[in-house]
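Chain by chain, the residues:
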Amino acid sequence: MKRKPSTEATAAWIRLMRVQSRVLDAVEQDLKKAGFPPLAWYDALLELSRAPSGEMRPVELEKQMLIPQYSTSRLIDRLVDEGLAARRECKIDKRGQFVEITEAGRELQKKMWNAYSAAIEKYVGSKLSDTDAVKLCGLLDRLGCSCEDIKAVAAREGVPAR
């Protein structure tokens, strides 16, 4: 690397990391206060609900999750133990498996969305105008996060965006 980041780019990076950490922590606390499991559960259930037939291979689920998930298999174990997901053997590849969302998983994901959406409004929506939010999405798009992709998937599938 020939060029070092500017002071301004470094300051932007620090703010981005701090705000992500603080907002995620606050959302986690709001979900906990509402009696819900961690945000990773919502994220996994949402991805499963969006998948064709409500099922995915574990590796696909890990790739789709927005929250870093280093222990996807433990998360899947917990979802299965709670009856929110089920494991199913792949008929073509007997060594492979699918994780499938259950009706209870769909119900929990929808209930969690009420608390999650309130937290999004509290920590982001109430602090940014819609115009500012669009500008922020544009800036984040330049860093490789496409808000348009998220909105398009949500609109197409009738599922709330994260």
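Everything in this summary refers to the structure shown in the same document. What you are looking at is a predicted structure, and each value in this text was computed from that prediction instead of being measured.

### Topic: the pattern of salt bridges
Pairing is possible between side chains of opposite charge, provided their charged atoms come close.
Stage number 1. Overall, the coordinates contain three salt bridges when judged by the stated rule.
Stage number 2. Linking lysine 122 and aspartate 30 is a salt bridge whose minimum nitrogen-to-oxygen distance equals 3.7 Å. Placement of lysine 122 in helix H5 (residues 103–125) and of aspartate 30 in helix H1 (residues 7–33) is noted, with a sequence separation of 92 residues between them.
Stage number 3. Judged by relative accessible area, lysine 122 falls into the partly exposed class, the value being 43%.
Stage number 4. Across the pair glutamate 55 and arginine 88 runs a salt bridge whose closest N-O atoms are separated by 2.4 Å. Here glutamate 55 is found in strand E1 (residues 55–56), whereas its partner arginine 88 is found in strand E2 (residues 85–89), with 33 residues between them in sequence.
Stage number 5. Of the residues examined, glutamate 55 reaches a relative accessible area of 18% and is grouped as buried.

### What to know about the packing of helix H2 (residues 39–50) against helix H4 (residues 72–81)
Stage number 1. The interhelical angle for the contact between H2 and H4, taken along N-to-C directions, is 80 degrees, at an axis separation of 11 Å. Considering their axes alone, H2 and H4 lie roughly perpendicular with respect to each other. For the pair formed by H2 and H4, the contact residues are Ala40, Trp41, Ala44 and Leu45 on the first element and Leu75, Arg78 and Leu79 on the second.
Stage number 2. Partitioned by chemical class, the residues of the contact of H2 with H4 number six nonpolar, no polar and one charged.

### What to know about the pairing of strand E3 (residues 97–101)
Stage number 1. Sheet topology places E1 next to E3; two bridges connect them, and they run antiparallel. Its bridge partner lying in E3, glutamate 55 is registered against glutamate 100.
Stage number 2. Here E2 runs beside E3; their pairing, made up of five bridges, is antiparallel. By the bridge assignment, alanine 85 is partnered in E3 with isoleucine 101.

### What to know about the nonpolar core
Stage number 1. Of all hydrophobic cores here, the largest spans 27 residues; its most connected members are Leu31, Tyr42, Leu48, Leu61, Leu75, Leu79 and Tyr116.
Stage number 2. If you list the elements that add at least two residues to this core, you get H1, H2, H4, E3 and H5.
Stage number 3. If you tally residues by element for this core, the top one is H2, at eight residues.
Stage number 4. When neighbours within four sequence positions are excluded, leucine 31 is seen to be in contact with Phe36, Pro37, Leu39, Met112, Ala115 and Tyr116.

### A look at the packing of aromatic side chains
Stage number 1. This structure, assessed with the given rule, holds three aromatic pairs.
Stage number 2. Here tyrosine 42 and tryptophan 113 contribute two aromatic rings whose centre-to-centre distance is 6.2 Å and whose plane-to-plane angle is 25 degrees, an arrangement assigned as stacked. With tyrosine 42 in helix H2 and tryptophan 113 in helix H5, the pair connects residues that are 71 residues apart, well separated along the chain. As far as the burial class goes, tyrosine 42 and tryptophan 113 line up, both buried.
Stage number 3. Seen in terms of ring centroids, tryptophan 113 and tyrosine 116 are 5.7 Å apart; in terms of plane orientation they differ by 85 degrees. Their pairing is edge-to-face. Highlighted residues: tryptophan 113 and tyrosine 116, both in helix H5, separated by three residues, approximately one helical turn.
Stage number 4. An aromatic cluster of at least three residues, connected via ring pairs, comprises Tyr42, Trp113 and Tyr116.

Conventions and cut-offs
Sequence order as written defines residue numbering, which begins from 1 separately in each chain. This being a predicted model, a pLDDT of at least 70 is required before a residue's local features are given, and a value of 80 or more before pairs of side-chain atoms are given or counted; all residues contribute to the totals for chains, interfaces and linings. For the side-chain quantities, the full set of heavy atoms in the structure was used; hydrogens and water were omitted. Salt bridges, as used here, are contacts in which a Lys or Arg side-chain nitrogen is within 4 Å of a carboxyl oxygen on Asp or Glu. Secondary structure elements follow DSSP: runs of H or I of four or more residues count as helices, runs of E of two or more count as strands, with numbering from the N terminus. Relative accessible area decides the class of each residue, using a 1.4 Å probe on protein chains only: under 20% of the type maximum gives buried, over 50% gives exposed, and in between gives partly exposed. Axis definition: a line fitted to C-alpha atoms, limited for helices to the stretch in contact. Angles are taken between N-to-C directions and run from 0 to 180 degrees. Under this scheme an angle from 65 to 115 degrees is roughly perpendicular, one under 35 degrees roughly parallel, and one over 145 degrees roughly antiparallel; angles in between are oblique. Whether two residues are in contact is decided by their heavy atoms, any of which lying within 4.5 Å being enough. Amino acids outside the nonpolar list (Ala, Val, Leu, Ile, Met, Phe, Trp, Tyr, Cys, Pro) and the charged list (Asp, Glu, Lys, Arg) are all regarded as polar, and Gly is one of them. Note: two strands are recorded as paired if DSSP finds a minimum of 2 bridges between them. Put simply, a nonpolar core is a bunch of buried Ala, Val, Leu, Ile, Met, Phe, Trp, Tyr and Cys residues held in one set by side-chain atoms that sit within 4.5 Å of each other. In this scheme Phe, Tyr and Trp rings, the latter by its six-membered ring, pair at centre separations within 6.5 Å, and the angle between planes marks the pair as stacked below 30 degrees, edge-to-face above 60, and tilted otherwise.

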